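Geometric and topological summary
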Amino acid sequence: MGIMASIHKKLLGTAVKSLARYTPGLLIDKAYDRVKERIDKEIPYPEGRDWVLKMFDVMRKKFPQLSRYVREKAVDVFLIKAEIEGAKKRAALKEKLGYWAPFLFVVSPTMRCNLRCYGCYAGEYTKESDLPWELLDRVMREAKDIGIHFVVISGGEPFIYPHIWDLLEKHNDIFFQMYTNGTMIDKAAAKRIAELGNLLPCISVEGFEEETDKRRGKGHFKRVMAAMDALAEEGALFGYSATATRENNELVSSDEFVDFYQNKGCFIGWYFNYIPIGKSPVLDLMPTPKQRIERRKRLAQLRKEVDLLIADFWCDGTLCGGCIAGGRHYFHINNRGDVEPCVFCHFACDNIRDKSLVEIIDSPFFRSFRRRQPYVTNLLRPCAIIDNPHVLREAVRENNAHPTHPGAEQVITDFAPFLDKYAEEYGKLADEEWEKNYLPSYSEQERRILLDYLNWVKKENERIFAPREVKA
């Protein structure tokens, strides 16, 4: 970088941080106007455009309540690091690979946890084998080298990892989102989070007190409430995370539930569909196909009404063009260093101990997923595990991928008949919803643009990620 470019970058960063500190409303308004100018050209999914604009709308209302450190870090990372510096690095990598690098990844530095919850995918991992700090540190440096400045921390319980604060402090040019049970967030931890400014913890809940304590232990709900109160008091960004099961699907997608956590000060609410992986999986806990359809509609409507971001990992393929796994937008590194296509897809071919991030992003296993994306043009059926289970089986078989913990293989062996039947039943409902309700909700021109784009992406991915010839 030349000296003038370096000065310009520094002055721009200083000016934006100053706006974040003293006139946050003006900064968000300017960013919103800039995004609105570009959004039609850059996001081909109508619901995706709405979600991004909603994010700015919620942030505009939330920003004045945040600590100045959180405001400055959100601006520094997302506007400077990701939008300016990171975009240039990702573009450079595109020249090398022929496709864009993912925007984020998930890492689980430990699988140890202070709770024992049924159905948690962390349960099958050994508790002693944390990811070495030196390796995690190297991964973060590599991520920034290719323009990734947003990382999600999962587990296990991340706050058990002995180097978690080192990670946040050393890599303060990365914005982290964390999934946590909240038990280790006291007033001192909340103050530290607000002062660091680069962590958004999402605290897991099952519903209200009865439902949460039933799964996570008596008194847990009160500890979660105390953690949220402490985070709000310090001006930290935080959210909630809910796993929808057959038992609580209607509750976690109700007005009462969402309003409650909005009033607690949450910025975002994440939803995950229970699927049969991890510790003692129970097939009958999966929401029925009909429940999943209804949850999607309820949350889509609530997203328009509340001052809270809502995201459903399984039902929001319409926001991002289908499955984001295999390096399309993200991947997962577990506590052993195995690099998996998805947090919920417990198979791997490569380990970060042996290969760089760039090598793994361009690996045959990841390319197997990318070549097939989108798996179908109906974006209500995005998943390679529960909507298109043949995709996962084919990718595993083609690359001789190994399960990353004992019992992980059940999802493609013992549970295959159940998942095939589920995918068929859900597929019928989802296809009807897509044709009769979803597509007709947009103009004829918007529908044509969306479908033409999906068909074009499908053909491009088949070309770009075609199997490579094996050299003799």
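Before going further, it helps to examine the environment of Gly-182. Inspection of the secondary structure puts Gly-182 in the loop between strand E3 (175–180) and helix H7 (187–196). Taking the C-alpha atoms as reference points, Gly-182 and Phe-103, 79 residues apart in sequence, are found 26 Å from one another. If sequence neighbours within four positions are ignored, Gly-182 has contacts with Glu-157, Ile-203 and Ala-227.

Further remarks concern the environment of Ala-311. Tracing the backbone shows Ala-311 in strand E7 (residues 309–312). Placed 260 residues apart in sequence, Ala-311 and Trp-51 show a C-alpha to C-alpha distance of 9.0 Å. In this view, Ala-311 contacts Trp-51, Gly-269, Trp-270, Tyr-271, Arg-303 and Asp-316; residues no more than four positions away in its chain are not counted.

Before going further, it helps to spend a moment on the packing of aromatic side chains. Using the criterion set out here, one finds 28 aromatic pairs in the structure. Ring centres of Tyr-179 and Phe-272 lie 5.5 Å apart, and the angle between their planes is 85°; this geometry places the pair in the edge-to-face category. Here the residue Tyr-179 occupies a position in strand E3, and Phe-272 occupies one in strand E6 (residues 268–273), the gap between them amounting to 93 residues. We note that Tyr-179, like Phe-272, is buried. Pairing Tyr-453 with Trp-456 gives two aromatic rings, centres 5.9 Å apart and planes at 35°, and the pair type is tilted. Taken together, the residues Tyr-453 and Trp-456, both in helix H18 (residues 444–464) and three residues apart, mark about one turn of the helix. Here the aromatic cluster, defined as three or more aromatic residues joined through ring pairs, consists of Tyr-179, Trp-270, Phe-272, Phe-313, Trp-314, Tyr-330 and Phe-344. The residue whose ring lies beneath Arg-292 is Tyr-426, and the NZ or CZ to ring-centre distance is 3.9 Å.

Rules and cut-offs
The residue count restarts for each chain, going from 1 along the sequence in the order it is written. This being a predicted model, a pLDDT of at least 70 is required before a residue's local features are given, and a value of 80 or more before pairs of side-chain atoms are given or counted; all residues contribute to the totals for chains, interfaces and linings. As a convention, hydrogens and water are excluded, and side-chain values are obtained from all of the structure's heavy atoms. Under the DSSP-based scheme used, a helix requires at least four consecutive residues in state H or I and a strand at least two consecutive residues in state E, with every element numbered from the N terminus. In this description, contact between two residues means that some pair of their heavy atoms is separated by no more than 4.5 Å. Two aromatic rings from Phe, Tyr or Trp, using only the six-membered ring of Trp, form a pair when their centres are within 6.5 Å; if the ring planes differ by under 30 degrees the pair is stacked, by over 60 it is edge-to-face, and anything between is tilted. Remark: exposure states derive from per-residue accessible area (1.4 Å probe, protein chains only) relative to the maximum for the residue type, with buried under 20%, exposed over 50%, and partly exposed in between. Charge-over-ring contacts are defined here by two conditions on Lys NZ or Arg CZ: a distance within 6 Å of the ring centre and an angle within 35 degrees of the ring normal.

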